[in-house]
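Coordinate inspection notes
Residue strings, one per chain:
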Amino acid sequence: MLEPERTLLAKHHHFASVEAAVRDGVDIIPAVEVVRSWDRVRTVADTERGDEIRRTIAGLEQLARAYRGNQLRQG
C-alpha cells in the first residue's frame, strides 16, 4: 500500500473462504509492515510521474512561446 508518507506491505493469512473464516472466527486481518517511510509527505512531484509531467509542461511552454513568436509553420 502506498501512502504519501510511507509504503506498507500487507501480509494476508490464508483462509478457505469468507464464510469459513466467519464461522470459525478466524482472524482475516492482514499483518501490516512499514517498508519505507519519508521525513516529509511525498507528492506526485517527488515521483517519476512528476518528472514526466514537468517535461510535458516544459514542452507545452516551448510550443506556446513558438506560437506567440509566430515561429510555427503551417502544413
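I will try to describe carefully the structure that is included in this document.

**Description of the packing of aromatic side chains**
Evaluated as defined, the whole model comprises zero aromatic pairs. Between the NZ or CZ atom of Arg 42 and the centre of the ring of Trp 38, over which it lies, the distance is 4.5 Å.

**What to know about a nonpolar patch on the surface**
Nonpolar side chains collect at one region of the surface, where Phe 15, Val 18, Val 22, Val 26 and Ile 28 lie side by side and expose about 410 Å² of accessible area between them. Since its relative accessible area comes to 36%, Ile 28 is described here as partly exposed.

**Quick look at unusual backbone geometry**
The residue Asn 70 is not glycine, and still its phi comes out positive at about 55°. Locating Asn 70 in the fold gives a position in the segment after α2 (48-68). Residue classification places Asn 70 among the exposed residues on the basis of a relative accessible area of 68%.

**With respect to the pattern of salt bridges**
Close approach of charged atoms lets side chains of opposite charge pair. In total, this model carries six salt bridges according to the counting rule given. Notably, a salt bridge pairs Arg 6 with Glu 3, separated by 2.6 Å at the nearest N-O pair. With a closest N to O distance of 2.7 Å, Glu 52 and Arg 49 form a salt bridge. Taken as a pair, Glu 52 and Arg 49 lie in helix α2 at a separation of three residues, close to a single helical turn. According to the relative accessible area criterion, Glu 52 is partly exposed, its value standing at 39%. Three or more residues are tied together by salt bridges with common partners; here these are Glu 3, Glu 5 and Arg 6.

**Observations concerning the environment of Arg 49**
Arg 49 sits in the partly exposed class, given a relative accessible area of 47%. At 2.7 Å, the side chain of Arg 49 forms a polar contact with the side chain of Glu 52.

Each value, and the rule that gives it
- Residues numbered from 1 in each chain as written.
- Predicted model: local features only at pLDDT ≥ 70, side-chain atom pairs only at ≥ 80, totals over all residues.
- Heavy atoms only, no water.
- Phe/Tyr/Trp six-rings, centres within 6.5 Å; stacked < 30°, edge-to-face > 60°.
- Lys NZ or Arg CZ within 6 Å of the ring centre and 35° of its normal.
- Patch = residues over 30% accessible without salt bridge, like charges linked within 9 Å, V, L, I, M, F, W, Y side chains within 5 Å.
- Areas by Shrake-Rupley, 256 points an atom, 1.4 Å probe, with all protein chains shown as cover.
- Salt bridge = Lys/Arg side-chain N within 4 Å of Asp/Glu carboxyl O.
- Buried < 20%, exposed > 50% of the residue type's maximum accessible area, 1.4 Å probe, protein only.
- Helix = DSSP H or I, 4+ residues; strand = E, 2+ residues; numbered from the N terminus.
- Polar contact = N/O pair within 3.5 Å; in protein donor to acceptor, adjacent residues only side chain to side chain.

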